[in-house]
Each structure stands twice: as C-alpha cells, then as structure tokens.
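# Coordinate analysis (summary)
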Amino acid sequence: DSGVTQTPKHLITATGQRVTLRCSPRSGDLSVYWYQQSLDQGLQFLIHYYNGEERAKGNILERFSAQQFPDLHSELNLSSLELGDSALYFCASSVGVLTQETQYFGPGTRLLVL
Amino acid sequence: GESVGLHLPTLSVQEGDNSIINCAYSNSASDYFIWYKQESGKGPQFIIDIRSNMDKRQGQRVTVLLNKTVKHLSLQIAATQPGDSAVYFCAEIKYGQNFVFGPGTRLSVLP
C-alpha cells in the first residue's frame, strides 16, 4: 500500500458525460501528479500540482481539468467524454518537486466510456 | 489484472542472472530520468532516478546508467528474481514541463 488513495476504483459512463476522479496524497506530500494509461498510447503525464499550484502541464486535453485543494487532495475532471478517454488514470504524490525523491502511485481509477 | 501494452518488447532472463533494460530518450535538455516498474494490475512503482548531471546511480540491486552522448538510459537489475517480472518504463523529465514515458519493456524471469 503506497499511502495514496484514489476513488472511485472503477467508473463506467457514457460518451458526452462528465466525471470527477479524486486523489488523496500520502500524508505530508505536497505534490500530486496525474497520469493516463491506455493500451494504445501507453503512460502519459497529464498535470502536476505542488501545494495547490499548477507546476507542469503535459498532454492534458482542454476537456480535462484538475485542481489541488487546501487539504492537498486533488481532483481530475473529465468532461464531454469520448470513447478514447477510456483508460486507467493514476495519481502519484511526492514530498516536493521530484528532486531525487520517491514518487508514490495510487492504485488507479479505471474509466470505461461506453 | 490489465495487460499493459500487449505488444511490448520482452526481455526473458534466467532467475539469478543480471538483467539490462534499455531506453532511448529524445530530449537532450531533459533534467531528470526515472525508471518505473509496473506489475500486472497495479500502478507504476518508482524504482530509481538519476539527474542529467550524473552518469550512474546505484540502488538496492539496481543501477541506472545515463549516456547523454547517445541519449541512452539503462536499468541493470542484479540477481534477477521472480518478483522482478513486470513492465519497466523509463521517463524523461524537463522541470516545469513534461514527463515523457518510454513504451516499456516486459521483463520475464524464467525459473
């Protein structure tokens, strides 16, 4: 158990809908990272928050947004869902901003868009 | 568990032998590199990292080598064990910008 929690574990929804994925980092970790993993595109970095502020943005679609709250948990919002958004979504946390430190991943949320 | 990357390159090694997993990266300006391990049905697990100003870093049974001349990263696992069977990803990071992951290599440890 990494100490990072993600909810829900599984999510089935329809095209055009909107969902929210939640991540609670390990106690004391200020950084939260979001990743998408699909069979055809592999593992892709979406976004990084540190202590409530966005620090880096990767291949995140405009239909997707994220935020990190004062209690350091983070939410990833996916809207106007398409079939291709079906994937595993992982969050990870670390104490700081990844300078020779370990990054801990949650178990992931499996999203299926029908 | 989910099969990640059904058509990944596969490295098969005998238990007890050393494994070497290779990764080519693209951005010569990358600041930092990470190796991850992902077991079937689980999230990635951070193994070891290395800064761009280093050539080598050692951990417990693992060593990462960085060759900036040819933009090549390798992960060496000593005395490979059945529990090392997994998919291994490298990632290159430019601070404040993107993480870019390699396609992954599946390591299969033979008894």
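Residues numbered from 1 in each chain as written. Chains lettered and ligands numbered in written order. Predicted model: local features only at pLDDT ≥ 70, side-chain atom pairs only at ≥ 80, totals over all residues. Heavy atoms only, no water.

### A few points about the overall build of chain B
Per the secondary structure count, chain B includes zero helices and ten strands. Scaling as 2.2 N^0.38, a compact globule of 111 residues should have a C-alpha radius of gyration of about 13 Å, and chain B matches this with 14 Å. Principal axes of the C-alpha set define a box for chain B whose edges measure 40 × 25 × 20 Å. Here chain B holds 111 residues, and 44% of them are scored as buried. Surface accessibility of chain B: about 5500 Å² in total, with carbon and sulfur atoms responsible for 48%. (Helix = DSSP H or I, 4+ residues; strand = E, 2+ residues; numbered from the N terminus. Rg over C-alpha atoms; globule rule 2.2 N^0.38 Å. Buried < 20%, exposed > 50% of the residue type's maximum accessible area, 1.4 Å probe, protein only. Areas by Shrake-Rupley, 256 points an atom, 1.4 Å probe, with all protein chains shown as cover.)

### A closer look at the sheet that holds strand β3 (residues 19–24) of chain A
Neighbouring strands of a sheet are bound in pairs by backbone hydrogen bonds; such pairs are parallel or else antiparallel. Residue and element names in this part refer to chain A. A sheet is described by the order of its strands in space; here four strands give the open sequence β1-β3-β8-β7, paired in antiparallel fashion. With partners counted over all chains shown, the strands left at the sheet margins are β1 (5–7) and β7 (64–68), one partner each. Along the sheet, successive strands turn relative to each other by an average axial angle of 15°, direction set aside. Pairing between β3 and strand β8 (residues 74–78): five bridges, direction antiparallel. Across the sheet, the residue bridging to Thr-20 is Asn-77, located in β8. (Pairing = 2+ DSSP bridges. Axes fitted to C-alpha atoms, helices over the stretch in contact; angles between N-to-C directions.)

### Concerning the sheet that holds strand β7 (residues 72–77) of chain B
Residue and element names in this part refer to chain B. Across the sheet, which stays open at both edges, the four strands sit in the order β2-β7-β6-β5 with antiparallel pairing between neighbours. Each edge of the open sheet is held by one strand with a lone partner, namely β2 (19–24) and β5 (56–58). Between one strand axis and the next, the sheet turns by 15° as a mean value, whatever way the strands run. Across three bridges, the pairing between β5 and strand β6 (residues 62–67) is antiparallel.

### Some points on the layout of surface pockets
In this structure, the largest pocket encloses a volume near 400 Å³. Taken together, 17 residues form the lining of the largest pocket, with Ser-2 and Phe-105 of chain A together with Lys-42, Gly-43 and Pro-44 of chain B sitting closest to its centre. Residues belonging to the lining of the largest pocket are distributed by class as follows: six nonpolar, seven polar and four charged. (1 Å grid on protein atoms, 1.4 Å probe; cavity = no way out; pocket = protein on both sides within 12 Å on 5 of 7 lines; lining within 4 Å. Points joined across faces, edges and corners; volume = space filled by probe spheres on them. Nonpolar A, V, L, I, M, F, W, Y, C, P; charged D, E, K, R; others polar.)

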